[in-house]
Amino acid sequence: MNLAVGTIIGIYPGSVLEPGNTMVAAMYILYGPLTTLTMTTGNGVHDFVMDEKGTFILTKQDVKIPDEKIYAPGALRKDYLPQHAKFIEKLEKEGYKLRFSGSFVADMHQILHKGGVFTYPGYNGKESGKLRLLFEANPMGKIITEAGGAISNGKVDILSIKPDAIDIRTPIYAGGRRRLS
């Protein structure tokens, strides 16, 4: 099997129990056919690919999310809450194409480079979502917003949420602004 998995890192200036918009840097590494590193320090999003010597080489500067119609929905359709089910139906009626690998980093990398929207909603049995605010949503949100996109929990910008514990989970809607505005 040739699956892609990833590592997500967010760098906070002090306590991690601050909103994501206080992060000073974020990155992810995607391990697959190529090992790629995507990062931001607040001055754009940049892509690197690891060469055969183990050195990361800059391949693209100032990545911007294109305006395409791809969607990557997490959770099982049978467990969707009504509002999310309507959102997915609307995407499908608008001609969005399903592209979902099951790897958060790989799916977000695709959305970053191809456009569209990633969702991992709250659902029956996990109404507060599955993905973790501090370790998954915030770092990916910093990258996505630096690339001209947006991230939300379905109600507010995830990066504005002040966590009160390190293990908070959240629904995620991330991608191009056109669909998330």
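For the structure given in this document, a descriptive report is provided here.

Calculation rules
- Residues numbered from 1 in each chain as written.
- Predicted model: local features only at pLDDT ≥ 70, side-chain atom pairs only at ≥ 80, totals over all residues.
- Heavy atoms only, no water.
- Pairing = 2+ DSSP bridges.
- Helix = DSSP H or I, 4+ residues; strand = E, 2+ residues; numbered from the N terminus.
- Axes fitted to C-alpha atoms, helices over the stretch in contact; angles between N-to-C directions.
- Contact = heavy atoms within 4.5 Å.
- Polar contact = N/O pair within 3.5 Å; in protein donor to acceptor, adjacent residues only side chain to side chain.
- Salt bridge = Lys/Arg side-chain N within 4 Å of Asp/Glu carboxyl O.
- Buried < 20%, exposed > 50% of the residue type's maximum accessible area, 1.4 Å probe, protein only.

1. Here's the deal with the sheet that holds strand β2 (residues 25-31)
Here comes step 1: Taken in spatial order, the five strands line up as β1-β2-β3-β4-β5 in an open sheet, and their pairing is antiparallel. For this open sheet the edge positions go to β1 (5-11) and β5 (56-60), each flanked by a neighbour on one side alone. Across the sheet, the mean angle from the axis of one strand to that of its neighbour is 25°, orientation sign disregarded.
Here comes step 2: Note that strand β3 (residues 35-40) and strand β4 (residues 45-50) share five bridges and pair antiparallel.

2. Observations concerning unusual backbone geometry
Here comes step 1: Even without a glycine there, the phi angle at Asp-62 is positive, about 50°.
Here comes step 2: Checked against the element boundaries, Asp-62 lands in the loop between β5 and β6 (70-73).
Here comes step 3: Backbone geometry places Ala-75, a non-glycine residue, at a positive phi of 75°.
Here comes step 4: Mapped onto the fold, Ala-75 is located in the loop between β6 and α1 (82-93).

3. A look at the environment of Glu-92
Here comes step 1: Within the fold, Glu-92 resides in helix α1.
Here comes step 2: Put simply, Glu-92 and Ala-174 are 82 residues apart on the chain and 17 Å apart in space, counted from C-alpha to C-alpha.
Here comes step 3: If near-sequence neighbours (up to four positions away) are discounted, Glu-92 is found in contact with Tyr-71 and Arg-77.
Here comes step 4: Polar side-chain contacts of Glu-92 include one of 2.7 Å to the side chain of Arg-77.

4. Some words on the side chain of Thr-36
Here comes step 1: Examined against the element boundaries, Thr-36 turns out to sit in strand β3.
Here comes step 2: Non-local contacts of Thr-36, meaning those with residues more than four positions away in its chain, are made with Tyr-28, Ile-29, Leu-30, Phe-48, Val-49, Phe-56 and His-109.

5. Some remarks on the pattern of salt bridges
Here comes step 1: In this structure the tally under the stated criterion is five salt bridges.
Here comes step 2: The shortest N-O distance in the salt bridge between Asp-62 and Lys-64 comes to 3.7 Å.
Here comes step 3: The class for Lys-64 is partly exposed, based on a relative accessible area of 45%.

6. What about the sheet that holds strand β8 (residues 117-120)?
Here comes step 1: Pairing within the open sheet is mixed, and its five strands lie in the order β7-β6-β8-β12-β10. On the outer flanks of this sheet lie β7 (97-98) and β10 (149-152), each paired with one strand and no other.
Here comes step 2: Taken together, the two bridges between β6 and β7 define a ladder with parallel strand orientation. Residue pairing for β7: Tyr-71 is matched across the bridge by Leu-98.

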